[in-house]
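Take a look at the letters that make up each chain.
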Amino acid sequence: MDAIFLGTAFQKTKSIVLIVLLGFSLNALIYSNVENSDAVATTTKKTSDQANGPRSTNPAPISNTKEFTLIAEEVTLDISPSKKIKAWTYNGSIPGPTLRVTEGDKVIVHFINKLDLPHTIHFHGGHNGTVDGVFEIVAPNKTFTYEFVAAPSGALMYHCHVMPVVEHVRMGLYGAFIVDPKTPLPPAKEYVIVFGDYDTKDIQTSDPESAFYNGYENIYYDNPLPVYVNETARIYMINLSQLPAYGYHVHGTLFKTWVSGILMNEPIYTQTWAISSGDAAIFEMKWPWEGNYVFHQHGIPEDRGAMGYFNVTSPTPNLIDGKDIAITKPVSMINWQENLTRTLQNATAKAMEN
Ligand SMILES: [Cu+2]
(Lines give C-alpha, C1' and ligand atoms only; values in the text may rest on other atoms or scores of the structure.)
Protein backbone atom coordinates (compact mmCIF):
# COMPACT_ATOMS: atom_id res chain seq x y z
CA MET A 1 0.00 0.00 0.00
CA ASP A 2 2.75 2.39 1.03
CA ALA A 3 4.74 1.65 -2.13
CA ILE A 4 1.69 2.25 -4.32
CA PHE A 5 0.88 5.43 -2.41
CA LEU A 6 4.47 6.65 -2.76
CA GLY A 7 4.44 5.81 -6.47
CA THR A 8 1.21 7.77 -7.01
CA ALA A 9 2.57 10.67 -5.01
CA PHE A 10 5.74 10.64 -7.15
CA GLN A 11 3.67 10.65 -10.35
CA LYS A 12 1.65 13.60 -9.02
CA THR A 13 4.81 15.50 -8.04
CA LYS A 14 6.26 14.84 -11.51
CA SER A 15 3.08 16.22 -13.12
CA ILE A 16 3.19 19.32 -10.93
CA VAL A 17 6.88 19.88 -11.78
CA LEU A 18 6.06 19.51 -15.48
CA ILE A 19 3.13 21.95 -15.24
CA VAL A 20 5.25 24.48 -13.33
CA LEU A 21 8.09 24.14 -15.89
CA LEU A 22 5.62 24.56 -18.76
CA GLY A 23 4.20 27.65 -17.03
CA PHE A 24 7.68 29.13 -16.67
CA SER A 25 8.54 28.53 -20.33
CA LEU A 26 5.26 30.05 -21.48
CA ASN A 27 5.84 33.07 -19.24
CA ALA A 28 9.38 33.38 -20.55
CA LEU A 29 8.09 33.23 -24.14
CA ILE A 30 5.42 35.89 -23.52
CA TYR A 31 7.84 38.05 -21.53
CA SER A 32 10.55 37.90 -24.18
CA ASN A 33 8.01 38.97 -26.81
CA VAL A 34 6.91 41.94 -24.69
CA GLU A 35 10.52 42.94 -24.05
CA ASN A 36 11.30 42.92 -27.76
CA SER A 37 9.71 46.08 -29.11
CA ASP A 38 9.84 44.79 -32.70
CA ALA A 39 7.73 41.86 -31.61
CA VAL A 40 5.24 44.21 -29.95
CA ALA A 41 5.07 46.35 -33.09
CA THR A 42 4.43 43.33 -35.31
CA THR A 43 1.77 41.97 -33.00
CA THR A 44 0.11 45.37 -32.66
CA LYS A 45 -0.20 45.96 -36.37
CA LYS A 46 -1.69 42.56 -36.99
CA THR A 47 -4.30 42.85 -34.25
CA SER A 48 -5.09 46.56 -34.57
CA ASP A 49 -6.06 46.05 -38.22
CA GLN A 50 -8.50 43.41 -37.06
CA ALA A 51 -9.75 45.44 -34.09
CA ASN A 52 -10.58 48.78 -35.65
CA GLY A 53 -12.62 47.81 -38.69
CA PRO A 54 -12.60 50.05 -41.75
CA ARG A 55 -9.47 52.16 -42.24
CA SER A 56 -8.74 55.04 -44.54
CA THR A 57 -6.89 54.18 -47.75
CA ASN A 58 -3.95 56.52 -47.01
CA PRO A 59 -0.60 54.78 -47.64
CA ALA A 60 1.20 53.71 -44.45
CA PRO A 61 3.85 56.27 -43.43
CA ILE A 62 7.47 55.09 -43.58
CA SER A 63 9.08 54.67 -40.16
CA ASN A 64 11.53 57.43 -39.35
CA THR A 65 13.20 59.28 -36.50
CA LYS A 66 11.28 61.73 -34.32
CA GLU A 67 13.46 63.94 -32.14
CA PHE A 68 12.27 66.11 -29.22
CA THR A 69 13.88 68.30 -26.57
CA LEU A 70 12.25 68.55 -23.14
CA ILE A 71 13.59 71.10 -20.67
CA ALA A 72 12.63 70.77 -17.01
CA GLU A 73 12.18 74.31 -15.75
CA GLU A 74 10.47 76.15 -12.93
CA VAL A 75 7.74 78.61 -13.82
CA THR A 76 4.96 80.45 -12.05
CA LEU A 77 1.63 79.81 -13.76
CA ASP A 78 -2.14 80.04 -13.28
CA ILE A 79 -4.27 76.90 -12.86
CA SER A 80 -7.49 78.93 -12.36
CA PRO A 81 -8.42 82.63 -12.40
CA SER A 82 -7.53 82.80 -8.68
CA LYS A 83 -4.69 80.27 -8.24
CA LYS A 84 -1.15 81.14 -9.25
CA ILE A 85 1.31 78.35 -8.41
CA LYS A 86 4.99 77.53 -8.60
CA ALA A 87 5.27 74.65 -11.07
CA TRP A 88 7.92 72.25 -12.30
CA THR A 89 7.33 71.81 -16.01
CA TYR A 90 8.61 70.24 -19.19
CA ASN A 91 8.94 73.23 -21.55
CA GLY A 92 7.00 75.73 -19.45
CA SER A 93 3.45 74.35 -19.20
CA ILE A 94 1.31 71.78 -17.36
CA PRO A 95 1.07 69.33 -19.01
CA GLY A 96 4.26 69.38 -21.09
CA PRO A 97 4.00 69.21 -24.90
CA THR A 98 2.15 66.28 -26.46
CA LEU A 99 4.75 64.08 -28.16
CA ARG A 100 3.21 62.36 -31.18
CA VAL A 101 4.95 59.68 -33.23
CA THR A 102 4.08 56.67 -35.37
CA GLU A 103 4.52 53.08 -34.26
CA GLY A 104 7.98 51.86 -35.30
CA ASP A 105 9.53 55.35 -35.32
CA LYS A 106 12.87 55.76 -33.62
CA VAL A 107 12.14 58.25 -30.81
CA ILE A 108 14.97 60.43 -29.48
CA VAL A 109 14.22 62.70 -26.52
CA HIS A 110 16.91 65.08 -25.29
CA PHE A 111 16.25 65.96 -21.65
CA ILE A 112 17.82 69.04 -20.07
CA ASN A 113 17.27 69.46 -16.33
CA LYS A 114 17.28 73.17 -15.42
CA LEU A 115 15.59 72.57 -12.05
CA ASP A 116 17.33 72.57 -8.67
CA LEU A 117 16.55 68.89 -7.96
CA PRO A 118 17.23 65.65 -9.88
CA HIS A 119 14.49 64.61 -12.35
CA THR A 120 13.91 62.10 -15.14
CA ILE A 121 11.48 61.25 -17.92
CA HIS A 122 9.77 57.88 -17.65
CA PHE A 123 7.80 56.82 -20.75
CA HIS A 124 4.98 54.30 -20.75
CA GLY A 125 5.11 51.65 -23.49
CA GLY A 126 7.90 49.41 -24.73
CA HIS A 127 11.61 50.18 -24.21
CA ASN A 128 14.61 48.63 -22.54
CA GLY A 129 15.57 49.29 -18.92
CA THR A 130 18.49 51.63 -19.69
CA VAL A 131 16.09 54.38 -20.83
CA ASP A 132 13.25 53.76 -18.37
CA GLY A 133 13.73 57.05 -16.54
CA VAL A 134 13.80 55.54 -13.06
CA PHE A 135 17.38 54.64 -12.16
CA GLU A 136 19.07 57.05 -14.62
CA ILE A 137 18.70 60.07 -12.35
CA VAL A 138 19.48 63.37 -14.11
CA ALA A 139 21.10 65.88 -11.74
CA PRO A 140 20.51 69.65 -11.96
CA ASN A 141 22.11 71.19 -15.08
CA LYS A 142 22.73 67.72 -16.55
CA THR A 143 21.27 66.16 -19.68
CA PHE A 144 20.16 62.68 -20.72
CA THR A 145 19.05 61.26 -24.07
CA TYR A 146 16.27 58.69 -24.22
CA GLU A 147 16.16 56.56 -27.38
CA PHE A 148 13.74 53.76 -28.20
CA VAL A 149 11.39 52.43 -30.87
CA ALA A 150 7.79 53.60 -30.44
CA ALA A 151 5.38 50.77 -29.55
CA PRO A 152 2.64 49.84 -29.05
CA SER A 153 0.20 52.26 -30.75
CA GLY A 154 -2.21 54.15 -28.53
CA ALA A 155 -2.45 56.80 -25.83
CA LEU A 156 0.66 56.61 -23.67
CA MET A 157 2.29 59.14 -21.37
CA TYR A 158 5.53 60.43 -19.88
CA HIS A 159 6.33 61.77 -16.41
CA CYS A 160 9.14 62.27 -13.92
CA HIS A 161 9.85 59.19 -11.79
CA VAL A 162 12.03 60.63 -9.03
CA MET A 163 10.72 60.07 -5.49
CA PRO A 164 8.53 61.32 -3.99
CA VAL A 165 6.84 60.69 -7.35
CA VAL A 166 3.50 62.17 -6.23
CA GLU A 167 5.20 65.51 -5.64
CA HIS A 168 7.27 65.47 -8.85
CA VAL A 169 4.24 64.62 -11.00
CA ARG A 170 1.79 66.89 -9.22
CA MET A 171 4.22 69.82 -9.53
CA GLY A 172 3.72 69.43 -13.28
CA LEU A 173 6.30 67.05 -14.78
CA TYR A 174 4.05 65.04 -17.10
CA GLY A 175 2.57 64.94 -20.58
CA ALA A 176 0.90 62.87 -23.30
CA PHE A 177 2.78 60.49 -25.59
CA ILE A 178 0.63 59.46 -28.56
CA VAL A 179 1.76 56.60 -30.79
CA ASP A 180 -0.24 56.45 -34.02
CA PRO A 181 -0.66 53.08 -35.72
CA LYS A 182 1.21 52.56 -39.01
CA THR A 183 -2.15 52.32 -40.78
CA PRO A 184 -3.88 55.60 -39.88
CA LEU A 185 -7.14 55.53 -37.92
CA PRO A 186 -10.27 56.72 -39.73
CA PRO A 187 -10.73 60.53 -39.93
CA ALA A 188 -11.86 62.23 -36.70
CA LYS A 189 -11.53 65.52 -34.87
CA GLU A 190 -8.81 64.70 -32.36
CA TYR A 191 -8.32 66.04 -28.85
CA VAL A 192 -5.80 65.16 -26.14
CA ILE A 193 -7.00 65.51 -22.56
CA VAL A 194 -4.52 65.02 -19.74
CA PHE A 195 -6.23 64.82 -16.36
CA GLY A 196 -4.24 66.28 -13.46
CA ASP A 197 -4.65 67.78 -10.00
CA TYR A 198 -3.02 70.18 -7.56
CA ASP A 199 -3.20 71.42 -3.99
CA THR A 200 -1.81 74.77 -2.90
CA LYS A 201 -1.37 73.70 0.76
CA ASP A 202 -0.30 70.03 0.72
CA ILE A 203 1.43 68.83 -2.45
CA GLN A 204 1.13 65.16 -1.44
CA THR A 205 -2.50 65.14 -0.26
CA SER A 206 -4.89 62.43 -1.45
CA ASP A 207 -7.70 65.02 -1.40
CA PRO A 208 -6.46 67.83 -3.69
CA GLU A 209 -8.41 71.09 -3.97
CA SER A 210 -8.00 71.34 -7.78
CA ALA A 211 -8.68 68.78 -10.53
CA PHE A 212 -8.34 69.79 -14.15
CA TYR A 213 -7.99 68.89 -17.81
CA ASN A 214 -4.80 70.10 -19.49
CA GLY A 215 -3.61 72.16 -16.54
CA TYR A 216 -6.44 74.65 -15.94
CA GLU A 217 -9.67 74.36 -13.94
CA ASN A 218 -12.82 74.21 -16.11
CA ILE A 219 -10.75 74.97 -19.23
CA TYR A 220 -13.26 73.35 -21.58
CA TYR A 221 -16.30 74.63 -19.71
CA ASP A 222 -15.17 78.18 -20.43
CA ASN A 223 -13.76 77.21 -23.87
CA PRO A 224 -15.91 74.29 -25.11
CA LEU A 225 -14.53 71.77 -27.60
CA PRO A 226 -16.07 72.32 -31.06
CA VAL A 227 -17.44 69.33 -33.00
CA TYR A 228 -19.82 69.18 -35.97
CA VAL A 229 -23.01 67.14 -36.09
CA ASN A 230 -22.15 63.54 -37.06
CA GLU A 231 -18.42 64.28 -37.02
CA THR A 232 -16.46 61.76 -34.92
CA ALA A 233 -14.61 63.24 -31.93
CA ARG A 234 -11.65 61.15 -30.81
CA ILE A 235 -10.30 61.79 -27.32
CA TYR A 236 -6.90 60.57 -26.16
CA MET A 237 -7.41 60.70 -22.40
CA ILE A 238 -4.52 60.29 -20.02
CA ASN A 239 -4.74 60.25 -16.23
CA LEU A 240 -1.75 61.71 -14.42
CA SER A 241 -3.71 62.88 -11.40
CA GLN A 242 -3.02 61.39 -7.98
CA LEU A 243 -6.73 60.76 -7.38
CA PRO A 244 -8.44 57.36 -7.23
CA ALA A 245 -10.07 56.33 -10.55
CA TYR A 246 -13.15 58.39 -11.36
CA GLY A 247 -15.30 57.73 -14.42
CA TYR A 248 -15.10 59.93 -17.51
CA HIS A 249 -18.69 60.54 -18.54
CA VAL A 250 -20.08 62.20 -21.68
CA HIS A 251 -23.65 63.45 -22.15
CA GLY A 252 -26.05 62.66 -24.97
CA THR A 253 -24.27 59.58 -26.34
CA LEU A 254 -22.52 56.33 -25.58
CA PHE A 255 -18.94 56.22 -26.73
CA LYS A 256 -16.45 53.67 -27.99
CA THR A 257 -13.60 52.98 -25.56
CA TRP A 258 -10.23 51.43 -26.24
CA VAL A 259 -9.27 50.05 -22.86
CA SER A 260 -6.00 51.43 -21.45
CA GLY A 261 -5.67 53.55 -24.61
CA ILE A 262 -4.18 50.56 -26.45
CA LEU A 263 -5.32 50.22 -30.05
CA MET A 264 -4.69 46.48 -30.25
CA ASN A 265 -7.65 46.08 -27.84
CA GLU A 266 -11.14 45.62 -29.25
CA PRO A 267 -13.17 48.77 -28.46
CA ILE A 268 -16.28 48.47 -26.29
CA TYR A 269 -19.28 50.78 -25.88
CA THR A 270 -19.46 52.67 -22.57
CA GLN A 271 -21.53 55.42 -20.89
CA THR A 272 -18.74 56.21 -18.42
CA TRP A 273 -15.21 54.85 -18.22
CA ALA A 274 -12.95 54.95 -15.16
CA ILE A 275 -9.22 55.45 -15.73
CA SER A 276 -6.79 54.97 -12.86
CA SER A 277 -3.75 57.16 -12.30
CA GLY A 278 -1.07 56.12 -14.78
CA ASP A 279 -3.57 54.70 -17.24
CA ALA A 280 -5.28 56.04 -20.36
CA ALA A 281 -8.14 55.41 -22.79
CA ILE A 282 -9.12 56.41 -26.31
CA PHE A 283 -12.75 57.44 -26.80
CA GLU A 284 -14.76 58.00 -29.97
CA MET A 285 -18.17 59.65 -30.01
CA LYS A 286 -20.54 61.64 -32.19
CA TRP A 287 -23.93 63.32 -31.93
CA PRO A 288 -26.70 63.52 -34.56
CA TRP A 289 -28.01 66.71 -32.89
CA GLU A 290 -26.69 70.20 -32.26
CA GLY A 291 -26.22 71.14 -28.62
CA ASN A 292 -23.90 71.42 -25.67
CA TYR A 293 -22.86 68.01 -24.29
CA VAL A 294 -21.06 68.00 -20.96
CA PHE A 295 -18.11 65.72 -20.11
CA HIS A 296 -16.60 65.35 -16.66
CA GLN A 297 -14.90 63.06 -14.16
CA HIS A 298 -18.06 61.78 -12.46
CA GLY A 299 -17.95 62.56 -8.73
CA ILE A 300 -15.66 64.74 -6.60
CA PRO A 301 -13.30 66.05 -9.39
CA GLU A 302 -16.14 67.57 -11.44
CA ASP A 303 -16.73 70.13 -8.70
CA ARG A 304 -13.01 70.91 -8.43
CA GLY A 305 -12.44 71.87 -12.06
CA ALA A 306 -12.78 68.67 -14.15
CA MET A 307 -15.83 69.72 -16.16
CA GLY A 308 -16.15 70.72 -19.80
CA TYR A 309 -18.47 70.35 -22.76
CA PHE A 310 -18.59 69.71 -26.48
CA ASN A 311 -20.29 72.42 -28.53
CA VAL A 312 -21.90 70.50 -31.40
CA THR A 313 -23.03 72.63 -34.35
CA SER A 314 -24.22 71.94 -37.89
CA PRO A 315 -21.50 72.21 -40.53
CA THR A 316 -21.68 75.20 -42.88
CA PRO A 317 -21.09 74.72 -46.64
CA ASN A 318 -17.67 76.44 -46.80
CA LEU A 319 -15.78 74.12 -44.43
CA ILE A 320 -12.42 72.71 -45.52
CA ASP A 321 -12.05 68.94 -45.13
CA GLY A 322 -9.05 68.13 -42.92
CA LYS A 323 -8.73 71.69 -41.60
CA ASP A 324 -12.17 72.58 -40.25
CA ILE A 325 -14.03 69.29 -40.48
CA ALA A 326 -12.92 65.67 -40.50
CA ILE A 327 -14.77 64.03 -43.42
CA THR A 328 -12.05 62.19 -45.36
CA LYS A 329 -9.06 63.68 -43.48
CA PRO A 330 -8.36 63.95 -39.72
CA VAL A 331 -8.37 67.29 -37.91
CA SER A 332 -5.93 67.62 -35.00
CA MET A 333 -7.01 70.12 -32.35
CA ILE A 334 -3.89 69.50 -30.25
CA ASN A 335 -2.10 72.74 -31.21
CA TRP A 336 -5.25 74.72 -30.46
CA GLN A 337 -5.49 73.02 -27.07
CA GLU A 338 -1.82 73.63 -26.23
CA ASN A 339 -2.06 77.31 -27.21
CA LEU A 340 -5.18 77.69 -25.06
CA THR A 341 -3.44 76.12 -22.05
CA ARG A 342 -0.38 78.33 -22.48
CA THR A 343 -2.50 81.48 -22.85
CA LEU A 344 -4.56 80.72 -19.73
CA GLN A 345 -1.57 79.59 -17.63
CA ASN A 346 0.36 82.74 -18.58
CA ALA A 347 3.63 81.24 -17.31
CA THR A 348 6.50 83.36 -16.05
CA ALA A 349 9.96 81.79 -15.98
CA LYS A 350 11.82 81.74 -12.66
CA ALA A 351 14.74 83.82 -13.96
CA MET A 352 12.41 86.56 -15.21
CA GLU A 353 10.83 87.02 -11.77
CA ASN A 354 14.04 88.23 -10.16
CU1 LIG B 1 11.16 64.97 -10.86
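Here's what I pulled together on the structure shown here.

Conventions we followed
Throughout this document, residue positions are counted from 1 along each chain, in the order its sequence is written. Totals for whole chains, interfaces and linings use every residue, but because this is a predicted model, local features are given only for residues with pLDDT of at least 70 and side-chain atom pairs only at 80 or more, for both listing and counting. Heavy atoms from the whole structure form the basis of all side-chain values; hydrogens and water molecules are not counted. Every helix listed is a DSSP run of H or I at least four residues long, and every strand listed is a run of E at least two residues long, numbered separately from the N terminus. Buried means the residue's accessible area, taken with a 1.4 Å probe over protein chains only, is under 20% of the maximum for its type, while exposed means over 50%, and partly exposed covers the values in between. Calculation of accessible area relied on Shrake-Rupley with a 1.4 Å probe; when residues are assessed, cover is drawn exclusively from the protein chains displayed. Only nitrogen, oxygen and sulfur atoms qualify as donors, and only when within 2.8 Å of the metal (3.2 Å in the case of Na, K and Ca); with water excluded, sites may look incomplete. Pairing of aromatic rings covers Phe, Tyr and the six-membered ring of Trp, with a centre-to-centre limit of 6.5 Å; geometry is then stacked below 30 degrees between planes, edge-to-face above 60, and tilted otherwise.

Regarding the overall build of the chain
When helices and strands are tallied, the chain shows 6 helices and 21 strands. Relative to its 354 residues, the chain shows a buried fraction of 48%. Looking at the chain as shown, the accessible area adds up to about 16,700 Å², and 59% of this sits on carbon and sulfur atoms.

Brief notes about unusual backbone geometry
Cis geometry marks the peptide bond from isoleucine 94 to proline 95, where omega comes out at -10 degrees. With respect to the helices, strands and loops of the structure, proline 95 is situated in the loop between β2 (83–90) and β3 (99–102). Along the chain, methionine 163 connects to proline 164 via a cis peptide bond; the corresponding omega equals -5 degrees. The phi angle at asparagine 91 is positive, at roughly 65 degrees, despite the residue not being glycine. Relative to the assigned elements, asparagine 91 resides in the loop between β2 and β3. One non-glycine residue, asparagine 141, lies in the positive phi region at around 65 degrees. On the secondary structure map, asparagine 141 appears in the loop between β5 (122–123) and β6 (143–149).

Describing the coordination of the copper ion
For the copper ion, the full set of protein donor atoms is His119 (ND1), Cys160 (SG) and His168 (ND1), and the range of their distances to it is 1.9 to 2.0 Å. Mapping the donors of the copper ion onto the primary sequence yields the spacing H-x40-C-x7-H. A residue pair is termed long-range when its members are at least 10 positions apart, and histidine 119 in the loop between β4 (106–113) and β5 and histidine 168 in helix α3 (residues 165–170) qualify at 49 residues.

Structural notes on the packing of aromatic side chains
Under the defined criterion, the tally for this structure stands at 18 aromatic pairs. Ring centres 5.1 Å apart and planes at 55 degrees place the aromatic pair phenylalanine 123 and phenylalanine 148 in the tilted group. Note that phenylalanine 123 is positioned in strand β5 and phenylalanine 148 in strand β6, a separation of 25 residues in sequence. Since its relative accessible area comes to 7%, phenylalanine 148 is described here as buried.

From the geometry alone we can't say anything about function, so treat these as descriptive.
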